[in-house]
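Chain residues, written in single-letter form:
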Amino acid sequence: MTERIYNFSAGPAVLPLSVLEQVQRDFVALPGLGMSIVEISHRSKAFDEIIEGAEADLRKLAGIPDNYRILFLQGGASLQFSMVPMNLLPAGGKADYIVTGSWSKKAIKEAQRIGTVNVAATTESENFTRVPRQEELKLDPEAAYVHMTTNETIHGVEYKYDPETGDVPLVADASSDIFSVPINVGKYAMIYAGAQKNLAPAGVTLVIMRDDLLARSPAGLHTMLNYNTHAKENSLYNTPPVFSIYVMRLVLAWLLEQGGLEAIGRQNEEKAALLYDTIDASEFYRAHAAPECRSLMNVAFRLPSEELEKQFVAETTKAGMDGLKGHRSVGGIRASIYNAFPRAGVEALVAFMKEFERTHG
Ligand code: PMP
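Residues numbered from 1 in each chain as written. Predicted model: local features only at pLDDT ≥ 70, side-chain atom pairs only at ≥ 80, totals over all residues. Heavy atoms only, no water.

Visitor: Give me a positive patch on the surface: which residues, what numbers.
Guide: Side chains of Lys106, Lys109, Lys310, Lys325 and Arg328 sit close together on the surface and give a patch of like positive charge. The residue Arg328 is located in the loop between strand 13 (321-322) and strand 14 (333-336) in this model. By relative accessible area, Arg328 is classed as exposed at 74%. (Patch = residues over 30% accessible without salt bridge, like charges linked within 9 Å, V, L, I, M, F, W, Y side chains within 5 Å. Areas by Shrake-Rupley, 256 points an atom, 1.4 Å probe, with all protein chains shown as cover. Salt bridge = Lys/Arg side-chain N within 4 Å of Asp/Glu carboxyl O. Lys, Arg positive; Asp, Glu negative; His and termini not counted. Charge placed at Lys NZ, Arg CZ, Asp CG, Glu CD. Helix = DSSP H or I, 4+ residues; strand = E, 2+ residues; numbered from the N terminus. Buried < 20%, exposed > 50% of the residue type's maximum accessible area, 1.4 Å probe, protein only.)

Spelled out as structure tokens, the structure:
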């Protein structure tokens, strides 16, 4: 087998090795079926078992209550930026958006095409180094919903609390930290996530929504853009991303084997602490995010100069580490260490950072 390196990509991102190996083993012919997962009908009994198994494991892992629907959609989290307001923001209504980085800015842009949108809080003037505190949120009790981004993948800031929105439904883009720690689903009316960081290969978008929200979709909405279409047909109105859902099923089984979200959450806390502690102990490295909002998934930091950052990235590549260059809008370094990223890879980066500081600091 070709040797694997440490992949710090922000997404698509590293998947559990045991899952990749199982996919490889079973790719040509699923056991007992004699056909590949990418050759079978989405209406076959074999695929029914896969999608139903994925749904059951999602419910088990996150304690998703019965009055929530689980949808497997396409179009990425980016299409949800449009589908959320198209379905949930009635004509003449208004919505609250909390703006904490590039992804929430993209979400609000699409909502503005549909109706009146209020910025409930923004940390843009602080270069998105933190998320707002509860008492900073200017929430409108008449808003159709409040939209938030649980983890800003580019800026590396993450909520450590569930915002309280009273009777107003809370909608969360959880693309980059879904199932990285235990989640209180009941606090949210809807959670959506592109799956390509913590759950699956690209191609499937997970939507978990309280069923009362389905009544809001306007009748004239295009069929594929209406949540009711997918809810009624159990995500099989048209051909779903069969392969991605299959791999998600395996990743969910892997998560359960790890001990579920509490166990994976502890591992993630430990992995992130290794990096943040190294950064904090040095004068050379500087974290982007404020300590109380630091992402467990995307650790963004700077070096004393862009020149040193370039050198850092080049040398990590030589040392068998990929994907550490920060997003062009923030610069610096970003280490994405999702659920499947091994602790040994974090330890290797920490050792590299110490040596780099010693020789360049
Ligand atoms: N939201 C967040 C927080 C993201 O990190 C991303 C992708 N990096 C998106 C939305 C967009 O997801 P997609 O590429 O699936 O449309």
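The discussion continues.
Visitor: Give me the environment of Arg59: which residues, what numbers.
Guide: Assignment of secondary structure puts Arg59 in helix 2 (residues 45-62). A sequence separation of 149 residues divides Arg59 from Ile208, and the C-alpha atoms of the two residues are 9.9 Å apart. Those residues within four positions of Arg59 in sequence are excluded, and the remaining contacts are Ile64, Pro65, Asp66, Tyr68, Arg69 and Ile70. (Contact = heavy atoms within 4.5 Å.)

Visitor: Tell me about the site of the ligand, and name the residues and values.
Guide: Around the ligand, 13 residues are found, and the nearest of them are Ser78, Thr153, Asp173, Gln196 and Lys197. Between the ligand and Ala77 there is a distance of 3.0 Å, counted from an oxygen atom to a backbone nitrogen or oxygen. In the model, a nitrogen atom of the ligand is placed 2.6 Å from a nitrogen or oxygen of the Asp173 side chain. Calculation on the ligand without its partners gives an accessible area of 400 Å², and the protein chains cover 85% of this total. Broken down by element, the shell around the ligand gets its largest block of residues, 4 residues, from helix 3 (residues 76-88). Residues that form the shell around the ligand fall into these classes: 3 nonpolar, 8 polar and 2 charged. (Near = heavy atom within 4 Å. Polar contact = N/O pair within 3.5 Å; in protein donor to acceptor, adjacent residues only side chain to side chain. Nonpolar A, V, L, I, M, F, W, Y, C, P; charged D, E, K, R; others polar.)

Visitor: Any details on the pattern of salt bridges? Residues and values, ideally.
Guide: Under the criterion given, the structure shown has 19 salt bridges. With its nearest N and O atoms 3.1 Å apart, the salt bridge here joins Asp57 to Arg249. Taken together, the positions of Asp57 in helix 2 and Arg249 in helix 6 (residues 242-257) put the pair 192 residues apart, joining distant regions of the chain. The residue Arg113 makes a salt bridge to Glu110 at a minimum N-O spacing of 2.9 Å. We classify Glu110 as buried; its relative accessible area is 18%. Linked through salt bridges whose partners overlap, the residues forming this network are Glu126, Arg130, Arg133, Glu135 and Glu136.

Visitor: Explain the side chain of Arg130 residue by residue, including any values.
Guide: Here Arg130 is to be found in the loop between strand 4 (116-122) and strand 5 (146-149). One polar contact links Arg130 to Glu126, side chain to side chain, over a distance of 2.8 Å. Arg130 has contacts with Thr123, Glu136, Val157, Ala290, Glu292 and Cys293, leaving out every residue within four places of it along the chain.

Visitor: Report on a nonpolar patch on the surface, specifying residues and quantitative values.
Guide: Where nonpolar side chains cluster on the molecular surface, the patch consists of Phe27, Val28 and Val38 and spans about 280 Å² of accessible area. Positionally, Val28 belongs in the loop between helix 1 (17-26) and helix 2. The class of Val28 is exposed, set by a relative accessible area of 67%.

Visitor: Describe unusual backbone geometry, and please don't skip the residues or the numbers.
Guide: Of the consecutive residues Gly11 and Pro12, the connecting peptide bond is found in the cis state with omega at -10°. For Pro12, the position within the fold is in the loop between strand 1 (6-7) and helix 1. A positive phi angle, near 60°, is found at Asn127, a position not held by glycine. Residue placement: Asn127 occurs in the loop between strand 4 and strand 5. What makes Asn127 partly exposed here is its relative accessible area of 47%. Although it is not a glycine, Ser235 sits at a positive phi angle of roughly 65°. Inspection of the secondary structure puts Ser235 in the loop between helix 5 (227-232) and helix 6.

Visitor: Account for the environment of Met35, naming residues and giving values.
Guide: Tracing the chain through its elements places Met35 in the loop between helix 1 and helix 2. For Met35, a relative accessible area of 37% gives the class partly exposed.

Visitor: Describe in detail the packing of helix 8 (residues 306-318) against helix 9 (residues 343-360), supporting the description with residues and values.
Guide: In contact at an axis separation of 11 Å, helix 8 and helix 9 are set at 135° when each is read in the N-to-C sense. Between helix 8 and helix 9, the interaxial angle falls into the category oblique. When the axes of helix 8 and helix 9 are compared, the crossing they make is right-handed. Of the residues in helix 9, those touching helix 8 at Leu308, Gln311, Phe312, Glu315 and Thr316 are Leu349, Phe352, Met353, Phe356 and His360. The class makeup of the residues in the contact of helix 8 with helix 9 is 6 nonpolar, 3 polar and 1 charged. (Axes fitted to C-alpha atoms, helices over the stretch in contact; angles between N-to-C directions. Parallel < 35°, antiparallel > 145°, perpendicular 65-115°, else oblique. Left-handed = near helix turned anticlockwise from the far one by under 90°.)

Visitor: Could you give an account of the sheet that holds strand 12 (residues 298-302), with specific residues and numbers?
Guide: Pairing within the open sheet is antiparallel, and its 3 strands lie in the order 11-12-14. Two strands lie at the open edges of the sheet, namely strand 11 (286-287) and strand 14, each paired on one side alone. Relative to strand 12, strand 11 is paired through 2 bridges, and the arrangement is antiparallel. Looking at strand 12, one finds that Ala287 is bridged to Phe301. (Pairing = 2+ DSSP bridges.)

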